[in-house]
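These are the residues of each chain, in order.
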Amino acid sequence: MKVGFVGLGIMGKPMSRNLIKAGHELAVYDIVESAVDEIAAAGASREESARDVAQRSEITITMLPDGPEVEAAVTGPRGVLDGAAAGSIVVDMSSISPLVAQRVAAACAAKGVEFLDAPVSGGEPKAIDGTLAIMAGGKQEVFDKVLPLFSCMGSSATLTGPVGAGNVTKLANQIMVAVNIAGVSEALALATKAGLDPEVVFNAVKGGLAGSTVLNAKAPMMIGRNFKPGFRIRLHQKDLRNALLAAESMKLSLPFTSLVQQVLMALMNNGRGDLDHSAIATFIEDMGKVEIKRP
């Protein structure tokens, strides 16, 4: 397929590489020229704007930090809709508010362009491996057309409902991940403060009910003091903020989500916003005067 990709950040670069490896003809754009240079060197065509990308593409994918960037890239000047042909498809794989996704979809529909919101889970490691979990919202027939591309980037792709449903599902995912990481942080801090080896505790519990993908991925990072970002604290804070705004619009209370969102905000204010979200552990450590590590 002729595919466009707008947004070549920590996730977009490996995702676009996997599309190239699968043999798709890729046109790319990002405001960071070095990122474009890197993917152009891998075989993509370098474009000067999101509009130029869309002009060359049957399907244009956006992968951007938040809703304002998505709206600017799709509906703004020299944006995707300035170049997209009627009948083409825009797939936003960013994690944004479901309300923004629906607004962008309406702008696309006004120009005869189809739209899917299809955020992902798995972070940089799974983006590199092409094993992301993709959760989409939109029409079944549009999802079916895009599915071959999803198969290049992820190990699973699920249509969860109409436009906006993909991002509601992603927000649910982000709540589960954030609260799980916070629980792992507290548990390992307790074990360490009690004089136990946190790695031994991790190995003891991971096969039981407490075991989870989050535990397996994040406990070794905490114990090894490795907070290199696979998914940054500031981005997870943004996701939880969007979850809370969506919940407020439905008169739904999410107390644990709110608490972890405040922890993430505090870490950002302490200069840790670009660390991996496993660094939630450092908030617990600071309060308890303990460091999760092997004796």
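See above for the structure.
Keep in mind the model is a prediction, meaning the values are calculated, not measured. (Residues numbered from 1 in each chain as written. Predicted model: local features only at pLDDT ≥ 70, side-chain atom pairs only at ≥ 80, totals over all residues. Heavy atoms only, no water.)

**Q** Explain the pairing of strand β1 (residues 2-6) here, please?
**A** Every regular strand shows the same layout, with side chains that alternate between the two sheet faces. Counted residue by residue, β1 has four buried out of five residues, so it is predominantly covered. The sheet contact formed by β1 and strand β2 (residues 25-29) spans five bridges and is parallel. Bridged to Lys2 within β2 is Glu25. The sheet contact formed by β1 and strand β4 (residues 59-62) spans four bridges and is parallel. For Phe5, the partnering residue across the bridge sits in β4 and is Ile61. (Buried < 20%, exposed > 50% of the residue type's maximum accessible area, 1.4 Å probe, protein only. Helix = DSSP H or I, 4+ residues; strand = E, 2+ residues; numbered from the N terminus. Pairing = 2+ DSSP bridges.)

**Q** I keep staring at the packing of aromatic side chains and nothing clicks. Help me out?
**A** Each aromatic ring pair is described using two quantities: the centre-to-centre distance and the angle formed by the ring planes. The tally for this structure, following the rule as stated, stands at one aromatic pair. Ring plane angle 50° and centroid distance 5.9 Å describe the contact between Phe143 and Phe150, whose orientation is recorded as tilted. The same class applies to Phe143 as to Phe150, namely buried. (Phe/Tyr/Trp six-rings, centres within 6.5 Å; stacked < 30°, edge-to-face > 60°.)

**Q** How should the environment of Asp239 be read in this particular structure?
**A** Note on placement: Asp239 falls in helix α12 (residues 233-249). Taking the C-alpha atoms as reference points, Asp239 and Ser156, separated by 83 residues in sequence, lie 21 Å from one another. Excluding residues that lie within four positions of it along the chain, Asp239 makes contacts with Ser95, Lys170, Leu171, Gln174 and Phe231. Within polar-contact distance, the side chain of Asp239 engages the side chain of Gln174 at 2.8 Å. (Contact = heavy atoms within 4.5 Å. Polar contact = N/O pair within 3.5 Å; in protein donor to acceptor, adjacent residues only side chain to side chain.)

**Q** Could you clarify how one ought to interpret the pattern of salt bridges in this entry?
**A** Two side chains of opposite charge can pair, provided their charged atoms sit close to one another. By the definition in use, this model includes 19 salt bridges. Its salt-bridge partner being Asp37, residue Arg46 comes within 2.0 Å of it at the nearest N-O pair. Among the residues examined, Asp37 registers a relative accessible area of 39% and is labelled partly exposed. For the salt bridge of Arg294 with Glu199, the shortest nitrogen-to-oxygen distance reads 3.6 Å. A residue pair is termed long-range when its members are at least 10 positions apart, and Arg294 in the segment after α14 (280-288) and Glu199 in helix α10 (residues 198-205) qualify at 95 residues. (Salt bridge = Lys/Arg side-chain N within 4 Å of Asp/Glu carboxyl O.)

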